[in-house]
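# Summary of structural features
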Amino acid sequence: IIISDEDDSSSSVVQKKKNDDKAIPVAIVGRPNVGKSTMINALLGTKRVIASSMPGTTRDAISIPWNWQGHDIDLVDTAGLTQFHSTPQSIEDSAIHNAMRAMNLAHVVVLVMDVSETMWRKFELTLAQAILEQGRVLVIAANKMDTLVTNDYTQQQLVNDVQTQLEQRFPGLRHTPVIAMTSIDPKQGLHQLMPAVLDARNRWSQTVSTSVLNRWLRHAIQVQPPPSSTIKIKYIIQSKARPPTFLLFGNVTELPTSYIRYLRHSLQYEFQFHGMNIRIAMKQSSGNNDIVKKKKQTTGIGGWQGRKRRMTAALKKTGKSPNKYRKKRASNNQYR
């Protein structure tokens with residue numbers, strides 16, 4: 001599937017991976033008692049998981065097959081996260097370990113937060129960063145908006161404030177999709193969640209053609225050149241998707257962190273890679289763009305047909321091939 005507003009005769013601008021036969025894994029994560037299970041029941045339209053006001057009701061990751069408008073979805077309800085442990089040491093640690101495993105296996109991770117608290121907690125920011133570092137794509141569900149939204153404070157203002165807080169603390173998450181909603185009332189924003197999830201997954205899966213990437217690279221370098229004039233970036237390719245991974249070629253083995261950050265932000269803005277971590281690596285190329293120009297071989301005036309005519313004429317006249325004559329003349333010349 002090609003996504004482009006204009007034709008590109010050389011190659012497609014952006015391509016999405018072919019649809020997978022498998023269901024799309026979507027993990028629902030967040031702190032305890034932020035409304036994860038209630039949101040899943042509202043999405044399914046039935047009580048499939050236990051929802052309670054008591055924190056810690058969900059102890060294990062629960063996978064629920066679901067079809068949403070023709071898309072096979074694997075919804076995963078997880079235990080409330082409060083901390084990270086590398087190895088489980090108790091029932092609570094085991095639940096957290098299972099939640100982290102579900103997050104690592106998902107394509108899209110929906111981070112549910114309670115906006116009635118008005119401020120991001122440090123752990124939620126740590127969790128958002130961990131989601132990106134694992135290569136997943138992130139969607140924020142700003143739950144319990146009914147506690148804040150009034151005639152003087154709209155749903156869109158709430159979304160803008162959540163995005164601003166997120167970007168101030170973690171600039172790499174600028175423009176991450178934020179859905180303001182109330183899980184107990186499906187009419188209040190919940191219908192926007194699944195379109196945002198599928199859009200995020202499609203953007204996470206897209207591949208940008210090499211020609212378009214290099215046009216972007218030339219413009220990015222023109223706007224802000226590398227910090228040192230000795231650094232030469234020759235070209236760029238996308239080595240993989242899910243997550244988007246790019247390989248730069250130049251005369252150095254690494255770039256300054258500040259310039260990598262600039263290129264990453266520019267890529268996010270240009271190709272809508274929001275809510276995900278873009279991986280960029282630098283590789284030192286050999287020669288001129290790794291292309292060795294070979295000397296063009298010719299067969300003389302008139303090409304091979306002219307050469308054939310000359311050989312036929314020489315054979316009729318002398319009875320000898322002109323090639324043998326040239327070799328003999330060349331051997332005589334080297335002793336003069």
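Residues numbered from 1 in each chain as written. Predicted model: local features only at pLDDT ≥ 70, side-chain atom pairs only at ≥ 80, totals over all residues. Heavy atoms only, no water.

## What about the sheet that holds strand E10 (residues 233-240)?
Threshold: Here, strands pair whenever DSSP counts at least two bridges between them. Numbering goes from the N terminus for both helices and strands, where a helix is a DSSP run of H or I of at least four residues and a strand is a run of E of at least two. Here the axes come from fitting lines to C-alpha atoms, over the contacting stretch only for helices, and the angles between their N-to-C directions go from 0 to 180 degrees. Here, two residues are considered to be in contact whenever any of their heavy atoms come within 4.5 Å of each other.
The strand order E10-E11-E12 describes an open sheet built from three strands, whose pairing is mixed. The outermost strands of the open sheet, each flanked by one partner alone, are E10 and strand E12 (279-284). Strand-to-strand twist across the sheet, computed as the mean angle between neighbouring axes with direction ignored, equals 25°. Set on the sheet, helix H6 (residues 210-223) makes contact with E10 and strand E11 (245-250); between it and E10 the angle comes to about 135°. Packing of helix H7 (residues 257-271) onto the sheet brings it into contact with E10, E11 and E12, and relative to E12 it is tilted by some 125°.

## Overview of the confidence of the model for the protein chain
Heads up, the rule is: Each residue carries a pLDDT score, the predictor's confidence in it, ranging from 0 to 100.
Confidence in the prediction for the protein chain averages 81 pLDDT; 77% of positions are at 70 or higher. This stretch, residues 1-12, has a pLDDT under 50; its non-local contacts, to residues over four places away or in other chains, come to 19 contacts. Low confidence marks residues 289-295, where pLDDT is under 50. Its contacts with residues over four positions away, or in another chain, come to five contacts.

## Looking at the pairing of strand E5 (residues 71-77)
With five bridges connecting them, strand E3 (residues 24-30) and E5 associate as parallel partners. Bridged to Pro25 within E5 is Asp74. Direction of pairing for strand E4 (residues 62-68) relative to E5: antiparallel, over a ladder of seven bridges. Residue pairing for E5: Pro65 is matched across the bridge by Asp74.

## With respect to the packing of aromatic side chains
Rules: Under the pairing criterion, centres of Phe, Tyr and Trp rings, with the six-membered ring standing for Trp, must be within 6.5 Å; the plane angle then separates stacked pairs below 30 degrees from edge-to-face pairs above 60, leaving the rest tilted. To sort residues, take the accessible area from a 1.4 Å probe on protein chains only and compare it with the maximum for the residue type: under 20% means buried, over 50% means exposed, and anything in between is partly exposed.
Enumeration according to the criterion identifies four aromatic pairs in this entry. Relative to Phe273, the ring of Phe246 lies with its centre 6.0 Å away and its plane at 65°, an arrangement referred to as edge-to-face. Taken together, the residues Phe246 in strand E11 and Phe273 in the loop between H7 and E12 connect sequence positions 27 residues apart. Side by side, Phe246 and Phe273 carry an identical accessibility label, which is buried. An aromatic cluster of three or more residues is present, and its members are Phe246, Phe271 and Phe273.

## What about the nonpolar core?
Generally speaking, nonpolar side chains in soluble globular proteins are found buried as a group. Stated formally: By nonpolar core is meant a set of buried Ala, Val, Leu, Ile, Met, Phe, Trp, Tyr and Cys residues that side-chain atoms within 4.5 Å join together.
Grouped together as the largest cluster of nonpolar side chains are 55 residues, with contacts concentrated most on Leu75 and Leu255. Sorting elements by how many residues they give to this core places helix H5 (residues 193-205) first, with seven residues. Every residue in contact with Leu75, bar those within four places of it in the chain, is listed here: Val26, Ile28, Ile40, Leu43, Leu44, Ile62, Ser63, Ile64 and Trp66. The next biggest cluster of nonpolar side chains, apart from the first, holds 31 residues, and it includes Met100, Ala106, Ala128 and Leu158.

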